[in-house]
Amino acid sequence: MTEKVPFTPFHPEPRDFPGHPMPTSVPEGMRLELSRAPVVSGKEDEFEEWMAAVNDRYGEHEEALSNERQVFEATFKHEEADGRLWIYHVSLMGTNGGVLDESLQMSADHGAYSRRVKAPGWEEMTPKFMLTPNHIGAIMTHWAKTGSID
């Protein structure tokens, strides 16, 4: 008898989702997010191309990170039991940061890949705890507020 593999549903948050409340361990003025979305079927190779472009053009990210008040970002891929590929994205940012600035070429390319490769929207996990050494936390909080190391 063949065991049936369960299907992993996708329930993205509405576009006006304000985000989950932050636990007290996340410094004031910052947001911690873990989001996930499936890769569009047939776009798995383009997902790999997208991630290669992000890695190969690493030096172009500084200006975008500053404008967006992004302290930290990381993307992971995961194959679910049903065989579909999912993107998981971790982000720590300032609450006063901007959105993706597509006037910057790297950000425009990033946004275009996103619209082609992943299903629209994100499921958002609920943050429960964040741990950072105090001296690093102070630097991250400053960056999240100002987008600068000065």
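What you see is a predicted model, and the numbers here were worked out from it, not measured in a lab. (Residues numbered from 1 in each chain as written. Predicted model: local features only at pLDDT ≥ 70, side-chain atom pairs only at ≥ 80, totals over all residues. Heavy atoms only, no water.)

**Brief notes about the overall build of the chain**
Across its full length, the chain holds 4 helices and 4 strands. Mapped from its N terminus to its C terminus, the chain presents α and β elements in the order β-α-α-β-β-α-β-α. Principal axes of the C-alpha set define a box for the chain whose edges measure 60 × 35 × 30 Å. With 150 residues in all, the chain has 37% of them scored as buried. A separation threshold of at least 6 residues defines the contact pool for the chain, and within that pool the share at least 24 residues apart is 77%. (Helix = DSSP H or I, 4+ residues; strand = E, 2+ residues; numbered from the N terminus. Buried < 20%, exposed > 50% of the residue type's maximum accessible area, 1.4 Å probe, protein only. Contact = heavy atoms within 4.5 Å.)

**Describing the nonpolar core**
With 11 residues, the main nonpolar core is built from Val39, Phe47, Trp50, Met51, Ala53, Val54, Leu85, Ile87, Met106, Tyr113 and Val117. The set of elements that each furnish at least two residues to this core consists of α1 (44-56), β3 (85-94) and α3 (105-117). If one sorts the elements of this core by residue count, α1 sits on top with 5 residues. Residue contacts for valine 54: discarding those within four places in its chain leaves His61, Met106 and His110. (Core = buried A, V, L, I, M, F, W, Y, C linked by side-chain atoms within 4.5 Å.)

**Considering the packing of α1 against α3**
Put simply, α1 and α3 touch, their axes get as near as 10 Å, and they point 165° apart. It follows from the interaxial angle that α1 and α3 lie roughly antiparallel. Considering the relative orientation of α1 and α3, their crossing is left-handed. Touching Glu46, Phe47, Glu49, Trp50, Ala53 and Val54 of α1 are Met106, His110, Tyr113, Ser114, Arg116 and Val117, all from α3. (Axes fitted to C-alpha atoms, helices over the stretch in contact; angles between N-to-C directions. Parallel < 35°, antiparallel > 145°, perpendicular 65-115°, else oblique. Left-handed = near helix turned anticlockwise from the far one by under 90°.)

**Some words on the pairing of strand β1 (residues 30-38)**
A large share of β1 lies buried, amounting to 7 of its 9 residues. The pairing of β1 with β3 spans 9 bridges and is antiparallel. Across the sheet, residue methionine 30 finds its bridge partner in β3, namely glycine 94. Direction of pairing for β1 relative to strand β4 (residues 123-124): antiparallel, over a ladder of 2 bridges. Each residue of the ladder has a partner; that of serine 35, found in β4, is glutamate 124. (Pairing = 2+ DSSP bridges.)

**Quick notes on the side chain of glutamate 68**
Mapped onto the secondary structure, glutamate 68 falls in helix α2 (residues 61-68). Buried and without a salt bridge, glutamate 68 has arginine 69 as its closest oppositely charged side chain, separated by 9.8 Å. In this view, glutamate 68 contacts Glu73, Met93, Gly97, Gly98, Val99, Leu100, Asp101 and Ser107; residues no more than four positions away in its chain are not counted. (Lys, Arg positive; Asp, Glu negative; His and termini not counted. Salt bridge = Lys/Arg side-chain N within 4 Å of Asp/Glu carboxyl O.)

**Details of the packing of aromatic side chains**
In the structure shown here, the tally under the stated rule is 3 aromatic pairs. With a centroid separation of 5.7 Å and 80° between ring planes, the pair formed by phenylalanine 10 and tryptophan 86 is classed as edge-to-face. Highlighted residues: phenylalanine 10 in the segment before β1 and tryptophan 86 in strand β3, separated in sequence by 76 residues. Ring geometry for phenylalanine 47 against tryptophan 50: centres 6.2 Å apart, planes inclined by 90°, an arrangement best described as edge-to-face. (Phe/Tyr/Trp six-rings, centres within 6.5 Å; stacked < 30°, edge-to-face > 60°.)

**Details of the pairing of β3**
Of all 10 residues in β3, 9 are buried; the element is thus mostly enclosed. Across 9 bridges, strand β2 (residues 70-79) lies against β3 in antiparallel orientation. Residue pairing in the sheet places threonine 75 in a bridge with histidine 89 of β3. Here β2 hands over to β3 after 5 residues, with glycine 83 in that stretch at a positive phi of 95°.

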